[in-house]
Amino acid sequence: MSNLEQQLVELRQTTLEQLKEIQHQGEKELQDLRVAVLGKKGSLTDLLKGLKDLSNDMKPIVGKQVNEVRDVLTAAFEETAQKVAAAKIQQQLASETIDVTLPGRQVKVGKRHVLTQTSEEIEDIFLGMGFQIVDGFEVEKDYYNFERMNLPKDHPARDMQDTFYITEEILMRTHTSPVQARTMDQHDFSKGALKMISPGRVFRRDTDDATHSHQFHQIEGLVVGENVSMGDLKGTLEMIIKKMFGEERQIRLRPSYFPFTEPSVEVDVSCFKCGGDGCNVCKKTGWIEILGAGMVHPQVLEMSGIDSTKYSGFAFGLGQERIAMLRYGINDIRGFYQGDVRFSEQF
Ligand code: FA5
């Protein structure tokens, strides 16, 4: 037996013995031994270097023995690794004690955002009155957002609702009112009156402060049919406000101006804090402004091909944030959008 063959036998023998020992030690010791024997600079690689000094006859014979030893040792390392891992688990299990008296870990449960809750509550009330809920587009045509709302290109009232333009003709909608035109275009009046609401996000070039945001949420309401009157508008709004803020709430209509309604009104609700006596919430007036509304302008009906001598309608647009702020006493609108769970958890 050549010297090299002798060394191979010895390496195999000693490594297998060392592995038996390591079985009772740890993963690090096992890894160190693997590198020392099978690694790039390990003993087996060292022995391989001796091959070149052997005769041509011996080279293939000893080369084969080297491969055999590598295979045997690789398998032995694998087997020992499994034993070490199993021993580690056993050890952990033996040392672990479970204290069944410890309180369980509480699982935090999320919930819907306060604005979603508000919107769903309002949707439920209107669904109960036979309204349909319609979705609109957040990216809208200038045509529907302004022109169909009786605001032609050069109308000065456009200044009150400047917005972000995608192109000259496409913009981020400034209110949910364009859904009015889109829905009226589709409605078949031979099947009865149109009654719809449309909640959604709107965008304006407004400066962010405690009560204004450059993006916020509105709910549009629209009823068109025969003999729809201002009394219907007032009754509907009174009902929704009493449901949202309590039976004792009163509403007040003040004359206002929107190009798409005539007459137009601003709707106030009697202050939920002072009941109308005047306080810091209602700025000493006893009333809080909550939404804009009015009778649909005949021109707006006609643009949808609706005969304004036969049909009339009312519409309103309320700010969802405004409703939620009044209901829950939230004093800064920015809280809605910051995603702070300490804010969200309260509702
Ligand atoms: C409108 O947007 C009309 N389209 C509403 C309307 C619809 C009138 C149908 C008549 C018929 P106004 O700009 O006032 O109106 O906005 C309606 C509500 O949105 C306001 O009462 C307010 O609650 C809310 N709002 C307006 N601007 C902001 C803002 N920057 N941040 C948060 N809420 C806002």
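Residues numbered from 1 in each chain as written. Predicted model: local features only at pLDDT ≥ 70, side-chain atom pairs only at ≥ 80, totals over all residues. Heavy atoms only, no water.

If you look the chain up in an unreviewed UniProt entry, it shows as Phenylalanine--tRNA ligase alpha subunit from Streptococcus suivaginalis. Per UniProt, the chain has the following entry under Subunit (unreviewed entry): "Tetramer of two alpha and two beta subunits." Per its UniProt entry, the chain bears the Catalytic activity (unreviewed entry) comment "tRNA(Phe) + L-phenylalanine + ATP = L-phenylalanyl-tRNA(Phe) + AMP + diphosphate + H(+)". (UniProt positions renumbered as here; feature names shortened; annotations may be inferred.)

**Student:** Looking at this structure, I do not really get the pattern of salt bridges. What am I missing?
**Tutor:** Two side chains bearing opposite charge may form a pair once their charged atoms approach each other closely. Taken as a whole, this structure holds 20 salt bridges when the rule is applied. Its salt-bridge partner being E27, residue K88 comes within 3.7 Å of it at the nearest N-O pair. Here the residue K88 occupies a position in helix α4 (residues 58–95), and E27 occupies one in helix α2 (residues 27–38), the gap between them amounting to 61 residues. A residue is classified by how much of its surface remains accessible, and K88, at 40% relative accessible area, is partly exposed. (Salt bridge = Lys/Arg side-chain N within 4 Å of Asp/Glu carboxyl O. Helix = DSSP H or I, 4+ residues; strand = E, 2+ residues; numbered from the N terminus. Buried < 20%, exposed > 50% of the residue type's maximum accessible area, 1.4 Å probe, protein only.)

**Student:** I keep staring at the UniProt feature "binding site: Mg(2+)" (unreviewed entry) in the chain and nothing clicks. Help me out?
**Tutor:** Those places that UniProt annotates as "binding site: Mg(2+)" (unreviewed entry) correspond, in this numbering, to E262. For E262, the position within the fold is in strand β7 (residues 261–270). A residue is classified by how much of its surface remains accessible, and E262, at 48% relative accessible area, is partly exposed. Not counting residues up to four positions away in its chain, the partners in contact with E262 are M295 and H297. (Contact = heavy atoms within 4.5 Å.)

**Student:** Just checking my understanding: could you explain unusual backbone geometry for this structure?
**Tutor:** With glycine set apart, most residues show a phi of negative sign, and most peptide bonds adopt trans. The linkage connecting E262 with the following residue, P263, adopts the cis geometry, with an omega of -5 degrees. Mapped onto the secondary structure, P263 falls in strand β7. At N227, a position not held by glycine, the phi torsion is positive, near 60 degrees. Of note, N227 is situated in the loop between β5 (215–225) and α8 (230–245). For N227, a relative accessible area of 70% translates into the label exposed.

**Student:** I'm lost on helix α1 (residues 3–22) in this one. Help?
**Tutor:** One full turn of an α-helix is made of 3.6 residues, so residues set three or four places apart face in the same direction. Taking 1.5 Å of rise per residue, the 20 residues of α1 would be expected to cover 28 Å, and the 28 Å separating its terminal C-alpha atoms lies within 8% of that figure. For α1, the full list of buried residues reads L4, E5, L8, L11, T15, L19 and I22. Taken end-on, α1 shows its buried residues confined to a sector of 120 degrees, consistent with a single buried face. Facing away from the buried surface of α1 by more than 90 degrees, the exposed residues are N3, K20 and E21. (Expected span 1.5 Å × (residues − 1). Arc of directions from axis to C-beta.)

**Student:** Looking at this structure, how should I read the packing of aromatic side chains?
**Tutor:** Each aromatic ring pair is described using two quantities: the centre-to-centre distance and the angle formed by the ring planes. For the coordinates displayed, the defined rule picks out 9 aromatic pairs. Where F189 meets Y311, the ring centres are 4.8 Å apart and the plane angle is 40 degrees; that geometry is what we call tilted. With F189 in the loop between α7 (178–186) and β4 (194–203) and Y311 in the loop between α9 (298–303) and β9 (312–319), this pair connects stretches of sequence that are 122 residues apart. A single burial state applies to F189 and to Y311, both of which are buried. Aromatic pair F336 and Y337: ring centres 6.2 Å apart, planes at 55 degrees, arrangement tilted. Taken together, the ring pairs in this structure connect Y328, F336, Y337, F343 and F347 into an aromatic cluster. Lying across the ring of Y144, R182 places its NZ or CZ 3.9 Å from the centre. (Phe/Tyr/Trp six-rings, centres within 6.5 Å; stacked < 30°, edge-to-face > 60°. Lys NZ or Arg CZ within 6 Å of the ring centre and 35° of its normal.)

**Student:** Honestly, the environment of A181 in this entry has me stumped. Any pointers?
**Tutor:** On the secondary structure map, A181 appears in helix α7. For the pair A181 and F131, spaced 50 residues apart in sequence, the C-alpha separation works out to 16 Å. For A181, the contacting residues outside a window of four places in its chain are Y144, R148, M149 and S304.

**Student:** Explanation requested: the environment of D142 in the structure shown.
**Tutor:** In this structure, D142 sits in helix α6 (residues 142–145). As a C-alpha pair, D142 and A85 span 57 residues in sequence and 68 Å in three-dimensional space. A polar atom in the side chain of D142 sits 3.0 Å from the side chain of R158. (Polar contact = N/O pair within 3.5 Å; in protein donor to acceptor, adjacent residues only side chain to side chain.)

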